[in-house]
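# Working through the structure, step by step
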Amino acid sequence: MRKARLVLATRNPGKIEEITHLLEDLPVQVFTWKDFPDWPPVEEVGDTFEENARHKAESLARWADLPALADDSGLEVEALGGAPGVVSAHYAGKHGDDAGNVARLLRELEGVPREGRGARFVCVLVLAGPRGERLLVRETCEGRIAEEPRGEGGFGYDPVFVPNGEVRTMAELSLEEKNALSHRGKALRRLRALLEKGEPEWLYGGPG
Ligand code: IMP
């Protein structure tokens with residue numbers, strides 16, 4: 001099988017590490033923003049995780065003339081009609097303000113009983129080719145929002161998210177336990193399984 005090449009559509013060091021680790025030992029050569037001195041800025045413009053991940057992957061694939069892999073993720077809370085959704089990272093105003101985001105979420109859910117606190121994490125991965133080819137993987141992790149934050153691990157909403165079948169929050173799980181059931185862990189494992197089978201075919205058809 002010919003070696004495929006792809007570029008990661010993120011500058012987030014955590015995501016780069018996770019995805020590179022996932023693609024280890026596959027016949028895939030992975031490039032990052034560090035290989036491109038004039039890396040283009042890509043903003044998140046869509047109303048859905050799919051649109052955002054597609055936009056990031058497709059615009060980079062065209063620009064770099066290489067297959068590109070992007071991910072978009074967030075939290076949907078039933079009692080809030082799916083909020084914070086695509087604005088999960090800046091729910092409280094400032095991008096990446098995890099403590100502020102959690103505080104706002106708990107405020108919005110004040111007085112909502114346990115059975116009304118259902119929620120899910122969503123992860124969408126899009127692998128896009130430079131000529132419009134596309135592969136999309138979506139995975140979720142179902143659970144509920146706790147009454148108060150617990151645990152030191154993870155990031156984002158992990159201290160208030162209790163996965164189904166658990167009494168601990170995501171932030172109280174080890175990284176391995178989290179990866180085994182998280183939206184991102186599940187999506188990355190599905191993508192890896194496809195790549196291991198030599199899919200999608202167009203990924204292996206390019207020059208080189
Ligand atoms: P983005 O995918 O980089 O746009 O970030 C999405 C946001 O969703 C993060 O900043 C977190 O607030 C939240 N989020 C996504 N995945 C997780 C997770 O595994 N745990 C906790 N929060 C998450």
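All values reported here derive from a predicted model rather than from experimental measurement.

Conventions and cut-offs
Residues numbered from 1 in each chain as written. Predicted model: local features only at pLDDT ≥ 70, side-chain atom pairs only at ≥ 80, totals over all residues. Heavy atoms only, no water. Helix = DSSP H or I, 4+ residues; strand = E, 2+ residues; numbered from the N terminus. Polar contact = N/O pair within 3.5 Å; in protein donor to acceptor, adjacent residues only side chain to side chain. Contact = heavy atoms within 4.5 Å. Salt bridge = Lys/Arg side-chain N within 4 Å of Asp/Glu carboxyl O. Buried < 20%, exposed > 50% of the residue type's maximum accessible area, 1.4 Å probe, protein only.

### Here we look at unusual backbone geometry
Following alanine 83, the chain continues to proline 84 via a peptide bond in cis, the omega torsion being 0 degrees. Non-glycine residue aspartate 25 carries a positive phi angle of around 70 degrees. Locating aspartate 25 in the fold gives a position in the loop between helix H1 (13-22) and strand E2 (28-31). The phi dihedral of aspartate 65 falls on the positive side, at around 55 degrees, and the residue is not glycine. Considering the arrangement of structural elements, one finds aspartate 65 in the loop between helix H2 (49-64) and strand E3 (68-77).

### So, the side chain of threonine 10
By the element assignment, threonine 10 lies in the loop between strand E1 (4-8) and H1. From its side chain, threonine 10 meets the backbone nitrogen of asparagine 12 in a polar contact 2.9 Å long. If we skip the residues at most four places from it in the chain, threonine 10 touches Lys15, Ile16, Trp33 and Trp39.

### Overview of the pattern of salt bridges
Counted under the stated rule, the structure contains 18 salt bridges. Between glutamate 139 and arginine 190 there is a salt bridge; the shortest N-O distance is 2.7 Å. One end of the pair, glutamate 139, is in strand E5 (residues 134-145); the other, arginine 190, is in helix H5 (residues 183-196), and 51 residues separate them in sequence. Between aspartate 158 and lysine 178 there is a salt bridge, with the nearest N and O atoms lying 2.7 Å from each other. In this pair, aspartate 158 sits in the loop between E5 and strand E6 (161-163) while lysine 178 sits in helix H4 (residues 175-181), placing the two residues 20 residues apart along the sequence. Both residues of the pair, aspartate 158 and lysine 178, belong to the buried class.

Taken by themselves, the reported measurements are silent on function.
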